Every structure is written in C-alpha cells, then in structure tokens.
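Next come the chains, spelled out residue by residue.
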Amino acid sequence: MSIRTAEQLSDKLSNDIAWRKKELSEIKSLVESKSFSDQRHKALVRSGVCILYAHWEGFVKLAANSYLEYVSLKKLTYKQLSSNFLALAMKEKLKEAKETNKPSLYIPVCDFFLSELDQRCNLPKDAISTASNLSSEILKEITAILGIDFSLYSINSQLIDTKLLKTRNEIAHGNYSVFDREEYIELHIEVIGMLEIFRNQIENAAIEKKFMQNPP
C-alpha cells in the first residue's frame, strides 16, 4: 500500500519496529538466562550482536525510504521542497555533469533552476542507502538528506561504529570477537533507544511538514 498520509507512515513504522523489538526481546531473554553453558551464552551473544545490527540497519533503511515515498506522493513542486530534498532530486543531474569534462552538461542543470522549479518534483525511489555498513558517518549523511537532527546520535557514535558495526563485521567475517553478556544487554538497550528516536524523528518530520521549504 502506498504511503500517502502521515498516519499510514506512522502505521508502517510502528508495525515494522514492533516485530523487530519482539525478536530482539526474545534474544535478550535468552542471553539473560542462566540455564545455558558459558559456551552457549557466548554463541548466543555473538548471534545476538549480528541480529541487533541487522534490525538497526533494516529499520533505518525502511523508515528513511518510507518517508521518501511519503514525500514523493505529496505531489509538490521542486520549489516547495526543502533544500535537502531538492538536493536529492538533483543528485543524478549533478552527478552526470560532474563526472565529465563537458561544461555543456551543466546547461540543463542551469535551465532547471531557471525555469523548471514550478514543475512537480520527481524524487528517486529507495534512494536512501546504508551501504550495508551503517556507520555513524553514513547515518549522519542519511539524517542530512532527510532533514532531521543527527546530534541525538552523536553521543552514541563510538557505540555505533565500534560495539555495533565493527563487532558485527568481525563476527560476520568469521573472526572471534569477545563480547560479554553485560555488554550485549547494554548494546540492546541503546539500539532499541536509537530505533525509537529515529522513528519519532521521521513521524514528527512528516507531521510538521519539514520536507517543505515553507510549511503551512
């Protein structure tokens, strides 16, 4: 179903985050259990870190592209878009011009800004990419594209880059990574918190019409 209203966007995000939180809660319960051997706990923690990362990346990508779809279906003109979404709409045209030494390719770009801003915008679908490595730097880029505040994640930059992404990569590449039960539970709590923050930011941006240059 197309996402045409803020309510539909909220419902999609709520449904998606619900099953992720449920699965992560089940894993956390297993990790907290003392009925397993130490070796099994280590295996659970290693698996749990990978799943934590998968839900972190998966939700950010889904939520970001769902918001992009919502904005696309508002039928706005380029002139009505906030600067971040206008930049996204212009990305391909600017990329084509930049990758050549032909100044003539910049002419259509200039023409666009001179005469086509009143046309209905055409935003690329599924344009938000995590590059399969959602580092704090990539998250910062995503928040900039969406026009939401990155500072809420700044305090967790090291956690995102080291405890979550780096550990997940080490495990996924078959390397042994030491990660104890307490560290996992702390990471679980932080990831759940960041998922909720990202969802709230997207929902608020839609309600407050932050995608528009001059919200009504």
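Quick notes on the rules
- Residues numbered from 1 in each chain as written.
- Predicted model: local features only at pLDDT ≥ 70, side-chain atom pairs only at ≥ 80, totals over all residues.
- Heavy atoms only, no water.
- Salt bridge = Lys/Arg side-chain N within 4 Å of Asp/Glu carboxyl O.
- Helix = DSSP H or I, 4+ residues; strand = E, 2+ residues; numbered from the N terminus.
- Buried < 20%, exposed > 50% of the residue type's maximum accessible area, 1.4 Å probe, protein only.

*Asks:* Looking at this model, I keep getting lost on the pattern of salt bridges. Mind explaining?
*Replies:* Opposite charge on two side chains permits pairing when their charged atoms draw close. Per the stated rule, a full pass over the model turns up 8 salt bridges. Across the pair Glu 32 and Lys 28 runs a salt bridge whose closest N-O atoms are separated by 2.8 Å. Of this pair, Glu 32 and Lys 28 are both found in helix 1 (residues 6-32), 4 residues apart, which corresponds to roughly one turn of the helix. Taking relative accessible area as the criterion, Glu 32 reaches 35% and is therefore assigned partly exposed.

*Asks:* Looking at this model, I keep getting lost on the environment of Lys 125. Mind explaining?
*Replies:* With respect to the element layout, Lys 125 can be found in the loop between helix 4 (107-115) and helix 5 (136-146). With 59 residues separating them in the primary sequence, Lys 125 and Ser 66 have C-alpha atoms 9.5 Å apart.

*Asks:* Looking at this structure, I do not really get unusual backbone geometry. What am I missing?
*Replies:* Most of the time, phi is negative for any residue but glycine, and the peptide bond is trans. We note that Asp 126 has phi near 50 degrees; this positive angle belongs to a residue other than glycine. Inspection of the secondary structure assignment puts Asp 126 in the loop between helix 4 and helix 5. The backbone phi angle of Ser 132 is positive, close to 55 degrees, even though this residue is not glycine. With respect to the secondary-structure elements, Ser 132 resides in the loop between helix 4 and helix 5.

These values are about where atoms sit, not about what they do.
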